[in-house]
Amino acid sequence: MSNSKVEERFDSLVAEVHDWVESAVALDEGHFPTELVSDFKDLLDELKAFLDDEESVDYKRSEVLEIFVTPEMAEVMRRFPRVRRLLESAWGAGLTERIEEEASGFESDDEEDDD
């Protein structure tokens, strides 16, 4: 695979993750549809395969995991513990901690704006 194809593949995966997060944020708290869980597992598997692919050696694990580190993902993890468990199972507790730290930085900024 050429570098441009690898970049296209990564960009496609990033877009899929962002679309998935947007769908999850739009859900009401409570039931998490099985289809979204399945889609998330597939995305995690695709990202792992991407990292394992010899052609994507220019991408580090930390760069790939950075796509999950958003306040929106923190909200999804808070509202749906199953998502947290899937992330921890796939990538370890360090990732979920980074996501929470990112979200707490946004929360404290918001609180300062209220003063």
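Shown above is the structure to which this text applies.
Residues numbered from 1 in each chain as written. Predicted model: local features only at pLDDT ≥ 70, side-chain atom pairs only at ≥ 80, totals over all residues. Heavy atoms only, no water.

### A word on the overall build of the protein
Line of reasoning, step 1. Helices and strands together make up the secondary structure of the protein, namely six helices and zero strands.
Line of reasoning, step 2. Secondary structure of the protein in N-to-C order comes out as α-α-α-α-α-α.
Line of reasoning, step 3. Within the span of the protein, comprising 115 residues, buried residues form 34% of the whole.
Line of reasoning, step 4. Restricting the contact set of the protein to residue pairs at least 6 apart, pairs at least 24 apart contribute 70%.
Line of reasoning, step 5. Accessible area for the protein stands at about 7,000 Å²; split by element, carbon and sulfur atoms hold 43% of it. (Helix = DSSP H or I, 4+ residues; strand = E, 2+ residues; numbered from the N terminus. Buried < 20%, exposed > 50% of the residue type's maximum accessible area, 1.4 Å probe, protein only. Contact = heavy atoms within 4.5 Å. Areas by Shrake-Rupley, 256 points an atom, 1.4 Å probe, with all protein chains shown as cover.)

### Details of the pattern of salt bridges
Line of reasoning, step 1. Tallying each qualifying case throughout the model produces five salt bridges.
Line of reasoning, step 2. The closest approach of N and O atoms between Arg9 and Asp53, which form a salt bridge, is 2.8 Å. Here the residue Arg9 occupies a position in helix α1 (residues 3-25), and Asp53 occupies one in the loop between α2 (34-52) and α3 (61-65), the gap between them amounting to 44 residues.
Line of reasoning, step 3. One salt bridge connects Arg79 with Glu75, and the closest N-O pair in it is separated by 3.0 Å. Here Arg79 pairs with Glu75, and both are found in helix α4 (residues 71-79), just four residues apart, close to one helical turn.
Line of reasoning, step 4. The buried category is assigned to Arg79, whose relative accessible area is 9%.
Line of reasoning, step 5. Several salt bridges share partner residues, and in doing so they unite Arg84, Glu88 and Glu100 into one network. (Salt bridge = Lys/Arg side-chain N within 4 Å of Asp/Glu carboxyl O.)

### A look at the packing of α2 against helix α5 (residues 81-91)
Line of reasoning, step 1. Taken N-terminus to C-terminus, the directions of α2 and α5 make an angle of 20 degrees; their axes are 11 Å apart at the nearest point. Regarding the angle of α2 to α5, the classification is roughly parallel. Where α2 crosses over α5, the two elements pack in a sense that is right-handed. Contact residues: Val37, Phe40, Lys41, Leu44, Leu47, Lys48 and Leu51 in α2; Arg82, Val83, Leu86, Leu87, Ala90 and Trp91 in α5.
Line of reasoning, step 2. Looking at the contact of α2 with α5 residue by residue, the classes come out as ten nonpolar, no polar and three charged. (Axes fitted to C-alpha atoms, helices over the stretch in contact; angles between N-to-C directions. Parallel < 35°, antiparallel > 145°, perpendicular 65-115°, else oblique. Left-handed = near helix turned anticlockwise from the far one by under 90°. Nonpolar A, V, L, I, M, F, W, Y, C, P; charged D, E, K, R; others polar.)

### Side note on the packing of α4 against α5
Line of reasoning, step 1. Following both chains from N to C, one finds α4 and α5 inclined at 115 degrees, their axes separated by 5 Å at the closest point. In terms of axis orientation, α4 runs roughly perpendicular to α5. From α4, Met73, Val76, Met77, Arg78 and Arg79 reach across to α5, where they touch Pro81, Val83, Arg84 and Leu87.
Line of reasoning, step 2. Within the contact of α4 with α5, the residues separate by chemical class into six nonpolar, no polar and three charged.

### A word on the packing of aromatic side chains
Line of reasoning, step 1. Throughout the structure, instances matching the rule amount to seven aromatic pairs.
Line of reasoning, step 2. With a centroid separation of 4.2 Å and an interplanar angle of 25 degrees, the aromatic rings of Trp20 and Phe40 are classed as stacked. One end of the pair, Trp20, is in helix α1; the other, Phe40, is in helix α2, with 20 residues separating them in the sequence.
Line of reasoning, step 3. Given the relative accessible area of 1%, Phe40 is considered buried.
Line of reasoning, step 4. Ring geometry for Phe50 against Tyr59: centres 5.1 Å apart, planes inclined by 65 degrees, an arrangement best described as edge-to-face.
Line of reasoning, step 5. You can call Phe50 buried: its relative accessible area is 0%.
Line of reasoning, step 6. Its relative accessible area of 19% is what places Tyr59 among the buried residues.
Line of reasoning, step 7. Put simply, the rings of Trp20, Phe32, Phe40, Phe68 and Phe80 pair up and form one aromatic cluster.
Line of reasoning, step 8. The ring centre of Trp91 lies 5.6 Å from the NZ or CZ of Lys48, which sits over that ring. (Phe/Tyr/Trp six-rings, centres within 6.5 Å; stacked < 30°, edge-to-face > 60°. Lys NZ or Arg CZ within 6 Å of the ring centre and 35° of its normal.)

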